[in-house]
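Architecture at a glance
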Amino acid sequence: MAYTNNKLNVVFSDGTLGLGGEDFHYIFSYERGGLESMLIQGKEWLYRTPTPTFWRATTDNDRGSGFVVKSAQWLAADMFSTCEKIELTVDNEKFDQLPIAPYNNQYNGNETAETVAIKYTYKTNTIPSTTVDVTYTVTADGKINIHQRFQGNQDLPELPALGLRLVIPTTAKSFDYEGLSGETYPDRMAGATRGTYHVEGLPVTPYIVPQECGMHMDNSKLTITRTTTQNNADNNPQPFSLSIKKADKNFNFSALPYTPEELENATHQEELPPARRTVLTIFGAVRGVGGIDSWGTDVESKYHISAKKDIDFEFNIEINK
Amino acid sequence: MKADIKWLDDPEVFRVEQLPAHSDHYFYQSKSEIDHQSSYVHSLNGTWQFNFAKTPQQRPLDFYQEDFDATGFDQIKVPGHIELAGYAQVQYINTWYPWEGKIFRRPPYTVDPDHLTPGIFSEAEDNSVGSYLKKFDLPKGFDDKQVILQFQGVEQAMYVWFNGQFIGYAEDSFTPSEFDLTPYIKKENNVLAVRVYKHSTASYLEDQDMFRFSGIFRDVNLLALPPAHINDLDIKPVVNEDFQSGVLNVATKMIGQKVEHAKLKLSVTDADGQLLATQEQASAEKVTFDQLAFSEINLWSPKSPYLYNLMIEVIDENGKTIEVVPYQFGFRKVELRDDKVIYVNNKRLVINGVNRHEWSAKTGRAITVNDMQSDIKTMQDNNINADRTCHYPDQIPWYYLCDQNGIYLMAENNLESHGTWQKAGAIEPSVNVPGDNPHWLEVVLDRARSNYELFKNHTSIIFWSLGNESWAGSDIAAMNKFYKDHDDSRLTHYEGVVYQPDLKNSISDVESRMYEKPENIIEYLENDPQKPFLDCEYMHDMGNSLGGMNSYNDLVDKYPMYQGGFIWDFIDQALFVKDEVTGKEVLRYGGDFDERHSDYEFSGDGLMFADRTEKPAMQEVKYYYGLHK
């Protein structure tokens, strides 16, 4: 199929929505509740559908202050929140229902669009429950704008973290970012230097007890580079990359080989499993690490993440030409 | 004298036949030996014969006798910890005593104020014993000289025999102990026998938050003393009110058979080697040099650690130099002024400090000069200008390195009795020692004296710290008084008096607190504070931490009486172990040796990981500490 008109090719399948362009193809799943495939220049970038993340592996200070006891339900939300609603908008036309059979029998396979937006609404299994909307807006150049909105609720405990987690099938060889030097947090970033940094591999900061680590605050761009895929027919060892760019504001991220739960479960570095994936999380809100003591004093209040208010953030995934 | 195992049970026996504490100066036979090996010093480090007994009852009783057959003994490396040699279980524990949950003990003379507790340590199931043997011939050049045996650090109580004779007993793990071997020394086949107990009443005073080790863990030396020897050197540089000129007072104490026949030649050169002063004095037991005046001085500071070179030559009656003692000193003035602010060299002091345990992931507290130099570089690279030697005196070279590289020192005594007064955070001092207890007074005073006498000439020391987390009472007040009686050039520090406001006038020149919240510090500083404020421990850098340092930095900017603090702490305490699953070298922490009770990962609070790589938080330290260099 030729792409001559600079439009998205839209595949109205029965279980998914496909969006294609010259060097990309995305599959938005209705049954899995999220973006299932992000194929860019022949390389798959998603292992499972991205999910909102609410947890960070407990730091010594979070343990000592009792924060994790108060906020423990966010761990369950991090692992078990479910998608309960999907809304599709094609060129500003909002669908009343998802275009699956028989509705999609009207199509012929040549459908195109300028812009497609798909919104997944996740419901947390917290008490009370709240929702998180993740909206992917795809344009013909392959750019995906991802906007996430957390619905605040007066009765919810403070959040350990709020972000969107993208698990990438294989480990990154390196990543490059435009932001701050080193590992930074809202209450520990004054000493960082702004610049462009290259990081080999996916380093896990070797705190004696594995815990939240590797945060990078306030970035305008991130490029992740891999050389491997899980595709058995792909023997091309050439490096390939994906870029995250800021949308309205700079973004925060960590790129680690582990989920917060994997880090949480290890009491020593050597207990962490062999690194297999890239766990890229873009954070809309980051809790400070604190430091006054490690046995009772909380992080300073201005570096908490209140769950009472709505939290919005967005970023873009762009195709490197 | 005969050794008595009951000394282990008695807080009033802590040094027997030990030579008095004195300054830590190096001495050489000639100037050409300086910066090389002194021919008066012979190291006994290396492989020793060793026997490990789990309890005192199992120790080889007569191992010190000259005809003892030690063929059944193992070999051990000295210096080193017995635990890391694989004989005894490694244990990390914070505030509790290491026997928590295993043995019921109360400190002697507390519950029963009039009696000892017989066998409390000498018959204890948890008191393992290392019996060390070292055979040696008298080194070349040591004949006809007084020969001293010097241990730089032995944990925790030690009995020493030499050629079958008992020659002394020592406690205080982190302080040198010296014994005179001269009456018993032979040209060949000398047998040194050292018995080291893991516990004694000193255990109550050495409850620091650390891995609990035992053994000969610092250098062992033989010292040959020339017939007129500078045993103690007391250098007192004084900066005049104009901060441009100064005077120097020097005194020595001499020992040896020919003290009365020698003379002392003193010289002072500047950092470029320019000769500034010379003076000769006849030798005597005590020599006080005439005060030397310097019209223009370079002040010592962390930014510019300018040191002058003092040298004293001891010249015998034939005009031959028999001893050379070099010592570098600096001019700096520490003042606590009427405005209740500490000034150094006429500038408000701002401590950009860290607490530093001596630590190596491979060898525990048996660290090398390379480790120390690496630590100095890390401090300098990150604008750290001060070190609290938590919570014991460090190895001697550390103090020289701090003089040379401009690191302020808070020189702390070997004292922490945390488990006698704080129980899982709650304050319950019913069996606190030393407290006001007369039976525990002399031992803590001795620790103050040793710390002072050993390190008194180090320019970098601006505070003497009485100890850590030991509650407060008249005994600690007596330690404070000792320093006040001996040294008007430095200030005293102690945090534990916060619980005893009545003693604030007699303990500590500063209001010192640990982990105090910024708002509480403000409350102190805004309500008629009587002393300048220091955080002796703050910014607890356990794991991923050190957030919010700005709130402390704001205090530096806002309150002159807020004089900074010491981050807890410099390096994680963790040990390299070969992982039983992967075979890789991994870092293990408290509780990883099956030891219980433990305080687990609380051992890892450093700005550096245990392998001496910096944690990511270090850039934050560098930034904030760079604002007030």
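Thresholds applied
- Residues numbered from 1 in each chain as written.
- Chains lettered and ligands numbered in written order.
- Predicted model: local features only at pLDDT ≥ 70, side-chain atom pairs only at ≥ 80, totals over all residues.
- Heavy atoms only, no water.
- Salt bridge = Lys/Arg side-chain N within 4 Å of Asp/Glu carboxyl O.
- Helix = DSSP H or I, 4+ residues; strand = E, 2+ residues; numbered from the N terminus.
- Buried < 20%, exposed > 50% of the residue type's maximum accessible area, 1.4 Å probe, protein only.
- Pairing = 2+ DSSP bridges.
- Contact = heavy atoms within 4.5 Å.
- Buried area = accessible area lost by both parts, 1.4 Å probe.
- Domains from an automatic or database assignment.
- Polar contact = N/O pair within 3.5 Å; in protein donor to acceptor, adjacent residues only side chain to side chain.

1. Points about the pattern of salt bridges
Going through the model one piece at a time under the given rule, you end up with 51 salt bridges over all chains. For the salt bridge of aspartate 446 of chain B with arginine 15 of chain B, the shortest nitrogen-to-oxygen distance reads 3.0 Å. Taken together, the residues aspartate 446 of chain B in helix α3 (residues 441-455) and arginine 15 of chain B in strand β1 (residues 15-16) connect sequence positions 431 residues apart. Looking at aspartate 446 of chain B, the relative accessible area reads 8%, which means it is buried. For arginine 15 of chain B, a relative accessible area of 23% corresponds to the partly exposed category. The partner of glutamate 453 of chain B in a salt bridge is lysine 456 of chain B, and the shortest N-O contact between them spans 2.8 Å. Here glutamate 453 of chain B falls in the buried class, since its relative accessible area comes to 13%. Within this structure, Arg56, Asp62, Glu158, Arg287 and Asp298 of chain A form a network of salt bridges that share partners.

2. Side note on the sheet that holds strand β5 (residues 43-44) of chain A
Neighbouring strands of a sheet are bound in pairs by backbone hydrogen bonds; such pairs are parallel or else antiparallel. Residues and elements named next belong to chain A. Strand order in this open sheet of six strands is β5-β4-β3-β2-β1-β9, and the pairing throughout is antiparallel. Each of the sheet's edge strands pairs with one partner strand only, and the pair in question is β5 and β9 (112-113). The pairing of strand β2 (residues 16-21) with strand β3 (residues 24-29) spans six bridges and is classified as antiparallel. Within β3, the position partnered with leucine 19 by the bridge is tyrosine 26.

3. Notes on the interface of chain B and chain A
Taken together, the 36 residues of chain B in the interface contact 35 residues of chain A. Counting each side, the surface lost to burial between chain B and chain A is near 2,700 Å², with a carbon and sulfur contribution of 55%. Looking only at chain B, the three residues that lose the most surface to chain A are Asn544, Tyr589 and Gln619 of chain B, adding up to 25% of its buried area. Inspection of the region where chain B meets chain A yields one salt bridge.

4. Things to note about the sheet that holds β1 of chain B
Residue and element names in this part refer to chain B. Taken in spatial order, the seven strands line up as β1-β10-β9-β12-β6-β3-β4 in an open sheet, and their pairing is antiparallel. Each edge of the open sheet carries a strand with a single partner, namely β1 and β4 (74-78). As paired elements, strand β3 (residues 46-53) and strand β6 (residues 129-136) share five bridges and run antiparallel to each other. Each residue of the ladder has a partner; that of alanine 53, found in β6, is valine 129.

5. Some remarks on the domain arrangement of chain B
Residues and elements named next belong to chain B. For chain B, the assigned domains are domain 1 (1-239 + 244-332) and domain 2 (348-571 + 606-626). Using C-alpha coordinates to define each centre, domain 1 is positioned 24 Å away from domain 2. On the domain 2 side, the residues contacting the 60 residues of domain 1 number 62 residues. Here domain 1 meets domain 2 over a buried area of about 5,000 Å², counting both sides, of which 57% is carbon and sulfur. The largest per-residue losses of area from domain 1 upon contact with domain 2 belong to Asp24, Leu205 and Arg332, which jointly make up 14% of the total buried on that side. The tally of links between domain 1 and domain 2 comes to five salt bridges. A salt bridge links glutamate 206 to arginine 447, with the shortest nitrogen-to-oxygen separation between them at 2.9 Å. Summed over the shared surface of domain 1 and domain 2, the result is 33 residue pairs in polar contact (both at pLDDT 80 or more).

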